[in-house]
Every structure is written in C-alpha cells, then in structure tokens.
There are 2 protein chains.
Amino acid sequence: MGRETFWAEDPADLLRVGEGFRLAEVDTNGHPGFDGAKDDGAAALAEGAAVLNGLQEQLYANNVVTGDPRRVLLVLQAMDSAGKGGIVNHVMGAVDPQGVHLAAFKKPTPEELEHDFLWRIHKQVPSAGKIGVFDRSHYEDVLIARVRSLAPAEEIERRYGAINDFEAELAATGTSIIKVMLHISKDEQKARLGDRLARADKHWKFNPGDIDERERWGEYQQAYQLVFERTSTSEAPWYVVPADRKWYARLAVQHLLIDALESMALEWPKADFDVAEQQRRLAES
Amino acid sequence: MGRETFWAEDPADLLRVGEGFRLAEVDTNGHPGFDGAKDDGAAALAEGAAVLNGLQEQLYANNVVTGDPRRVLLVLQAMDSAGKGGIVNHVMGAVDPQGVHLAAFKKPTPEELEHDFLWRIHKQVPSAGKIGVFDRSHYEDVLIARVRSLAPAEEIERRYGAINDFEAELAATGTSIIKVMLHISKDEQKARLGDRLARADKHWKFNPGDIDERERWGEYQQAYQLVFERTSTSEAPWYVVPADRKWYARLAVQHLLIDALESMALEWPKADFDVAEQQRRLAES
C-alpha cells in the first residue's frame with residue numbers, strides 16, 4: 001500500500017483557510033482526509049520522506065544547471081508546545097540538509113528592533129532550489145505584538161498590508177509559500193507543558209513565560225483569526241493543521257510540501273555540456 | 001552488539017595527523033580501526049545517529065539554560081566526488097536540523113573578494129550549542145589558491161598563520177574543531193565522475209571544471225600535505241579519512257563527532273526555575 005492509500009482527500013483542500021473560516025470551529029484532535037490510524041500515519045510519513053527528498057533534489061538540480069529561481073518557503077506558527085520543533089526534526093530532518101534553510105525567529109535583538117519588522121525576515125528567505133523553513137516568522141509582529149501591545153495599533157494594522165506585499169513579491173519571484181498554523185487545544189498544551197515539567201531531560205524546553213502567554217490564550221486565538229482574515233491570499237494561503245495528534249500534523253505538513261513540489265512538474269535538467277566529450281576527457285585523465 | 005563492537009581502536013587516534021605524517025602513504029581504501037564489513041558499518045552508523053543526536057541535544061540544552069558557550073565545528077575538505085555531500089546528508093542529516101549550521105563555501109563572490117579571506121568564514125561559525133559544518137572552507141584559500149596561483153605566494157604563506165590564529169581563537173572561546181580531509185584515490189574519482197556522466201539524473205552534479213582540477217591531482221596532494229604540516233595543531237587537528245569506501249568514511253566522521261561531544265561530559269542542565277511553583281501555575285491556568 002502506498003502513502004496515498006489512506007488519504008481520502010488532499011489535505012491541502014481541507015486545511016486551506018478560505019472565506020468564512022473560523023478558527024474556533026476547527027477540531028484540534030481531528031485528522032482531516034486521512035482515514036488511517038497512527039501506525040499507518042508513521043508508515044506514510046516514512047514513505048513520504050523519500051518522495052520529499054527526491055523532489056527537493058530535483059528542484060536543487062534545476063537551479064544548479066538552469067538557474068531555475070523556484071524555491072519553497074514553509075512558515076510555521078503555533079502556540080507553545082504545538083510541535084513546530086517536531087515538524088522541523090521529523091519532516092524537514094528527512095531532507096538532505098544541503099537543500100534546507102532553517103531560520104528560527106526569537107525575540108528581536110536591539111539591532112533588529114532598529115529596523116522595520118521585515119528586515120530580519122527578508123535576510124532569511126531561502127535561496128533558489130531550497131526549502132526554507134521559518135520557525136516563527138513576521139507573523140509574531142502581528143500576534144504577540146498585538147496581544148502584548150508591543151507596537152501602536154495603527155502600526156500593527158499597517159503590517160498586515162506590508163506582509164501581503166512582501167509575500168506577493170516573494171511569490172512573483174518564484175517562491176511557493178505555505179503558511180501553517182499548528183493548532184492545539186488549551187488542554188493539550190497543558191498536558192504537554194506538564195510533561196516538560198515532569199521530566200528532568202525536558203526542563204530546558206520550559207520557560208515560565210510560556211504560562212504567561214498561555215494565560216492570554218483567548219487573545220492569541222483572536223489574533224490568529226485576524227491573521228487568517230487579513231493575510232490568507234491565493235499566492236500565500238494559510239493552512240490550519242490540527243495538531244493534538246503529532247503524527248497527523250507531521251504527515252499533513254509533509255503532504256503540503258510534496259503537493260507544492262509536485263505542482264512544479266520537475267524533471268532532471270539536461271546536461272549543459274557534451275556528455276560524450278567529457279567522457280573522453282575523463283578517460284584520458 | 002553495540003556500535004563499538006567492531007571498533008578495535010578509536011579512529012580519532014588512528015586518523016589524526018601527527019608528526020611526520022605523509023599523505024602519500026595513506027591507503028584510501030582502508031578502514032582503520034573498524035574490523036567489520038560494510039553491513040556492520042551501516043548498522044553502526046544507524047546506532048551512532050541516535051547517540052550523536054542525543055549528545056547534540058544536550059549541548060544545545062546547556063546553552064539554552066546556562067549559556068554554555070561550547071559548540072562543534074566540522075571542517076570538510078576533499079577532492080571532487082570524495083563524499084562531502086554524503087557526510088552532510090547521511091551523518092549530519094541524522095541530527096535535528098535545529099542543532100546544525102551548515103555552510104557551503106563556493107567560489108568567492110566579488111563582494112567576498114573585497115574582504116580578507118576569513119571574512120566570509122567567520123560569519124558562518126556556528127552559534128553556541130550547535131554543530132557547524134563547513135563544506136569546503138578557508139582551506140580553499142591555501143589549496144586551489146596555491147595550485148591555481150590565485151594569490152601571491154607570500155600572501156598564501158601568510159594565510160597558514162592567519163588560519164592557525166583564527167582557529168586558536170575559536171578553540172579558546174569554546175569551539176571543538178574537527179578538520180577532516182576525505183581521501184580518495186585518483187582511480188576512485190575516475191569511477192565516480194564516470195558514474196555521474198553515465199546517469200542522466202547525476203549530470204547536474206558534474207562540471208567540466210572537475211576534470212581540469214583532476215588534471216592537477218599531484219599538485220593538490222602536495223598542497224594538502226603542506227596544509228597538514230602547517231595547520232594541524234593540538235587545538236584544531238586534521239584527520240585524514242580514507243574515503244574510497246563511503247560507508248567507512250561516514251562512520252569514521254560520525255565517530256569523531258561523537259568523541260568530541262562525549263569528551264564534553266554533558267549532562268542535562270538543571271532547571272533555572274522552581275519546578276513545583278511552575279507546576280502549580282500550570283494547574284491553575
């Protein structure tokens with residue numbers, strides 16, 4: 001049975017944020033489109049890893065030989081402990097590191113704060129041929145920035161438009177943008193943070209500030225809802241991925257990446273040299 | 001049987017460049033210290049992957065909690081097709097991407113050439129807690145630069161000292177430096193380049209310039225010999241890894257990395273907050 005066996009529908013169609021989307025109505029424990037169980041999901045993920053890796057290599061090869069400008073950008077946003085790190089490790093970790101550009105955005109540094117909010121972001125856009133991953137992103141500047149009033153209200157309003165312009169520019173120059181919110185329930189977060197507190201080898205992943213943010217849960221959900229309404233565009237759509245089941249979230253994000261690459265109709269590039277001539281030269285060398 | 005079963009001796013001791021080292025005397029087809037066959041090597045590599053990943057996570061955790069400045073830098077140098085990419089993919093690819101910083105140095109750009117040769121290198125030194133990998137490095141500036149006379153002879157002479165100073169500075173500030181030359185025979189390179197030419201899905205990896213460099217094989221070997229004599233120091237030793245057998249080269253480099261991390265005697269860091277207090281806060285949230 002192939003990796004598509006259990007997919008009744010393409011998750012891209014089921015998870016994409018469209019007109020009238022309401023975050024509050026999403027079942028964080030669901031597994032839309034996938035009819036299998038956890039074990040089936042793990043098997044499908046392993047198969048998909050080889051597919052994703054092969055497609056990325058073709059993308060890279062085309063850039064090397066023909067200067068193909070295409071690239072993929074995966075933006076990951078979520079509440080703490082929703083599994084961004086697991087996506088990076090278990091989905092992107094299966095791709096040759098030479099084809100991946102990972103950027104984790106933390107609290108801005110003083111230098112970063114002296115620039116506009118997209119300054120540090122633009123520098124981390126993946127080069128052609130690669131899959132870039134943003135672990136947090138410019139969306140923090142309309143999420144925590146809104147909830148914590150880190151910028152004036154009119155500046156935050158301005159940012160939605162600036163983000164859409166930025167992403168449209170990236171899309172127009174060859175970037176396939178996939179924006180993912182990993183969506184967990186407040187109860188699931190409590191269980192996961194509790195697990196971090198219960199295990200000495202997980203304490204380093206916990207920060208008391210995580211609970212401060214948790215106490216603003218409702219405000220964050222509203223800020224996300226607004227993000228979806230203002231910035232889910234046809235060139236750069238949002239996907240809300242139920243993430244209470246880690247195996248499903250990983251599989252769904254992998255599928256979104258594979259979809260994006262398959263839609264590029266990649267082939268191995270033709271040699272830009274005379275193969276027979278080079279074989280002669282090699283034989284004589 | 002554990003991954004150490006087949007290691008009769010630590011490859012670090014066998015492969016380290018010391019006094020009187022002669023590159024010409026190294027058997028590129030050997031597997032020093034490892035008494036098993038290819039299959040045993042593959043099994044040991046898979047086991048080692050989990051060990052390496054676990055150690056890297058501890059290194060990272062210590063940086064997060066205590067600001068531990070330690071990091072690892074793996075420098076990879078080799079003739080074309082010797083397997084640098086395979087090391088990155090199969091050894092480093094097993095480590096969580098969040099803990100790896102990969103930098104591939106290609107022909108310097110005009111901007112890079114307007115700076116000293118270490119300018120672009122220094123910017124890519126891994127941050128604390130990570131394993132950095134240089135796919136090619138500042139050593140190109142005393143290898144191809146020497147063979148192709150890309151800089152005046154006295155400038156190239158100056159660079160050996162500049163490199164030693166640079167690496168001593170990195171070591172003094174917490175960087176464990178492992179410099180690896182993957183060493184293949186000229187015949188093995190011919191076979192590998194021939195394979196690239198024979199397969200349409202490998203053409204993109206071939207460049208006619210590879211044969212130009214191949215024709216300077218002897219000069220490159222001399223340039224490497226000089227590099228070892230001038231820059232293998234106690235803080236930043238060179239290891240020459242026989243690489244005609246890909247499985248051995250990968251296993252040996254993985255072992256060098258594990259050795260470096262094990263020598264740090266890493267433990268999980270203690271929580272820098274009151275665990276019981278945070279558990280109470282979480283329960284109430």
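Note: the structure precedes this text.
Described below are features of the structure shown in this document. (Residues numbered from 1 in each chain as written. Chains lettered and ligands numbered in written order. Predicted model: local features only at pLDDT ≥ 70, side-chain atom pairs only at ≥ 80, totals over all residues. Heavy atoms only, no water.)

**Looking at the overall build of chain A**
Quick reminder of the rule: Counting from the N terminus, the helices are DSSP H or I runs at least four residues long and the strands are E runs at least two residues long. Throughout, radius of gyration means the C-alpha value; the globule benchmark is 2.2 Å times the number of residues raised to the power 0.38. Remark: exposure states derive from per-residue accessible area (1.4 Å probe, protein chains only) relative to the maximum for the residue type, with buried under 20%, exposed over 50%, and partly exposed in between. By the convention used here, residues are in contact when the closest approach between their heavy atoms is within 4.5 Å. The accessible surface values rely on the Shrake-Rupley method and a 1.4 Å probe; as for residues, cover is taken only from the protein chains in view. Charge counting treats Lys and Arg as positive and Asp and Glu as negative, with His and both chain ends excluded. We put the charge of a Lys on NZ, of an Arg on CZ, of an Asp on CG and of a Glu on CD.
Of the regular secondary structure elements, chain A holds 12 helices and 5 strands. A compact globule built from 285 residues should have a C-alpha radius of gyration of about 19 Å, and chain A, at 20 Å, falls within 12% of that. Dimensions along the principal axes, computed over C-alpha positions, put chain A at roughly 70 × 50 × 45 Å. Here chain A holds 285 residues, and the buried ones make up 51% of them. In chain A, once contacts between residues fewer than 6 apart in sequence are set aside, the share between residues at least 24 apart is 82%. About 12500 Å² of surface is accessible on chain A, with carbon and sulfur atoms providing 47% of the total. Where the 34 positive side-chain charges of chain A centre and where its 47 negative ones centre are 5 Å apart.

**Quick look at the nonpolar core**
Threshold: By nonpolar core we mean a set of buried residues, namely Ala, Val, Leu, Ile, Met, Phe, Trp, Tyr and Cys, connected to one another through side-chain atoms within 4.5 Å.
Judged by nonpolar contacts, the single largest core of 79 residues is most densely connected at Val180, Leu182, Phe228 and Leu257 of chain B. With 11 residues, the top contributor of residues to this core is helix 11 (residues 246-262) of chain B. Ignoring anything within four residues of it in the chain, the contact list for Leu182 of chain B reads Gln77, Ala78, Ala82, Gly83, Lys84, Ile87, Val241, Ala243, Ala249 and Val253 of chain B. Core analysis: the second largest hydrophobic core is formed by 78 residues, Leu76, Ile131, Tyr220 and Met264 of chain A among them.

**Some words on unusual backbone geometry**
Residue and element names in this part refer to chain B. Even without glycine at this site, Ser81 takes up a positive phi of about 75 degrees. Position of Ser81 among the secondary structure elements: in the loop between strand 1 (71-78) and helix 3 (84-90). Despite not being glycine, Arg136 has its phi angle at roughly 65 degrees, a positive value. Looking at where Arg136 falls in the secondary structure, it is placed in the loop between strand 3 (131-135) and helix 6 (144-147).

**With respect to the relation of the copies chain A and chain B**
Definition in use: When the copies are overlaid, the least-squares fit takes in C-alpha atoms only where the residue has pLDDT of at least 70 in both copies.
Placing chain A over chain B gives an RMSD of 0.0 Å and needs a rotation angle of 180 degrees, together with 0.0 Å of translation along the axis. The operation mapping one copy onto its partner corresponds to a two-fold rotation axis. Taking C-alpha positions as the reference, the residue of chain A nearest the rotation axis is Gly93 of chain A, at 3.3 Å.

**Brief notes about the sheet that holds strand 4 (residues 175-183) of chain B**
All names here are of chain B. Rule in force here: Between any two strands, pairing holds if DSSP finds at least two bridges. All axes are obtained by fitting lines to C-alpha atoms, using only the stretch in contact for helices, and the reported angles, taken between N-to-C directions, cover 0 to 180 degrees.
Pairing is parallel across the open sheet formed by 5 strands, whose spatial order is 2-3-1-4-5. Looking at the sheet topology across the chains shown, the edges are occupied by strand 2 (100-104) and strand 5 (238-242). Strand after strand, the sheet turns through a mean of 20 degrees between neighbouring axes, direction not considered. Pairing between strand 1 and strand 4: 8 bridges, direction parallel. Paired with Arg71 across the bridge in strand 4 is Thr175.

Geometry only, nothing functional implied.
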